[in-house]
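# An overview of the molecular structure
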Amino acid sequence: MSVGRQLRRAGRIAGFGAVTSAMLPAFLAHERLSPATDKDRVRERWVAAWCGALLGLFGVRVLTRGAVPRSGRGHLVVANHRSTADILVLLRAFGGHMVSRADLAGWPLVGVAARAVGTVFVDRSDAASGASAVRAIRDRLAEGRTFPGDEVRPFHAGGFVAALRSGADIIPVGLAYGTGSGAAFVNESFAAHLARMAEASPSDMVMSVGEPIVVREKARAAQLRDHAHAEVQRLVGEARALVDGAG
């Protein structure tokens, strides 16, 4: 590895720690002092600022295609998962709460930040944890595991059950990073992925937002899941063509 890449990686990892360590206590203090009616607004503003700062730090440039909904309705956002940066991109664009694998809660600094912004943690091997996550999604109204490539893996039904019970719209989103981007996951551990993303040159990614899927009264979770999966796959193709210059 070149000296320049080593310095870039060290600087970005240090910057990640510094930004998060500085913003997290400031956010918690601001939230604690805010009236109950303002807490969600305060959290959304701080989370968006934190995500934007980290995307800039890691050199991820985002092009958004499609309209990000701004209404007061609840939304369930479903997307493919290609990178750690996805979390920052989606939270900055949509706000709300993420659903994450349970072990993230114990990660140094990252876990603390995730808990502070209201992440819902779920252990897929524990049925009780899954049921609890469905209730949490319903009450708060995107769960994910990172995969390489543009094929969208099957979605789990839990989030769609929550959408049915709450009546929330479903927003499909397709994400694609430029071919060869150092920000995209390629079959590696989280630590290796973060290190490679930290040393990479700036990269472009496209977030393609589809039309909301309205949950009808007699809809079934499996139907919603399959519809959303097909739409996300289509949007990934659209995003890939744009980010690689073919769209």
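What comes next concerns the included structure. These numbers come from a predicted model, not from an experiment.

Looking now at the nonpolar core. Of all hydrophobic cores here, the largest spans 31 residues; its most connected members are Phe58, Val60, Leu90, Val173, Leu175, Tyr177 and Met207. Formed by 15 residues, the second largest nonpolar core is a distinct cluster that contains Val78, Ala221, Val232 and Val236.

A few words now on unusual backbone geometry. For Asn187, which is not a glycine, the phi torsion comes out positive at approximately 55°. Relative to the helices and strands, Asn187 is located in the loop between strand S5 (169–177) and helix H7 (190–199). Judged by its relative accessible area of 63%, Asn187 is exposed.

A few words on the sheet that holds strand S1 (residues 60–65). As summarised here, the arrangement of the four strands in space is S1-S6-S5-S2, forming an open sheet in which the pairing is mixed. What marks the edges here is a single partner per strand, and that holds for S1 and strand S2 (75–79). Pairs of neighbouring strands in the sheet enclose a mean axial angle of 25°, with direction left out of account. Across five bridges, S2 lies against S5 in parallel orientation. Its bridge partner lying in S5, Val77 is registered against Ile171.

Let's shift gears to the pairing of S2. Burial runs high along S2: five of the five residues are buried. The side-chain alternation of S2 yields two buried faces, one formed by His75, Val77 and Ala79 and the other by Leu76 and Val78.

Another point: the pattern of salt bridges. All told, the structure shown has 13 salt bridges when counted by the stated rule. Note that Arg5 and Glu199 form a salt bridge whose closest N and O atoms lie 3.5 Å from each other. Here Glu199 falls in the buried class, since its relative accessible area comes to 11%. Salt-bridge contacts for Arg240 lead to Asp244; the nearest nitrogen and oxygen are separated by 3.2 Å. Judged by relative accessible area, which is 18%, Arg240 ranks as buried.

What follows is about the environment of Ala230. Examined against the element boundaries, Ala230 turns out to sit in helix H8 (residues 221–243). For Ala230, a relative accessible area of 46% corresponds to the partly exposed category. Sequence-wise, Ala230 and Pro172 are 58 residues apart; in three dimensions their C-alpha atoms are separated by 9.3 Å.

A separate point is the packing of helix H2 (residues 39–57) against helix H3 (residues 85–94). Packing of H2 against H3 brings their axes to within 8 Å, and their N-to-C directions diverge by 140°. The angle between H2 and H3 falls in the class oblique. At the point where H2 passes H3, the crossing takes the left-handed sense. Contact residues: Glu44, Val47, Ala48, Trp50, Cys51, Gly52, Leu54 and Leu55 in H2; Ala85, Leu88, Val89, Leu91, Arg92 and Phe94 in H3.

What counts, and at which threshold
Residues numbered from 1 in each chain as written. Predicted model: local features only at pLDDT ≥ 70, side-chain atom pairs only at ≥ 80, totals over all residues. Heavy atoms only, no water. Core = buried A, V, L, I, M, F, W, Y, C linked by side-chain atoms within 4.5 Å. Buried < 20%, exposed > 50% of the residue type's maximum accessible area, 1.4 Å probe, protein only. Helix = DSSP H or I, 4+ residues; strand = E, 2+ residues; numbered from the N terminus. Pairing = 2+ DSSP bridges. Axes fitted to C-alpha atoms, helices over the stretch in contact; angles between N-to-C directions. Salt bridge = Lys/Arg side-chain N within 4 Å of Asp/Glu carboxyl O. Parallel < 35°, antiparallel > 145°, perpendicular 65-115°, else oblique. Left-handed = near helix turned anticlockwise from the far one by under 90°. Contact = heavy atoms within 4.5 Å.

Treat this as a map of the structure, not an account of what it does.
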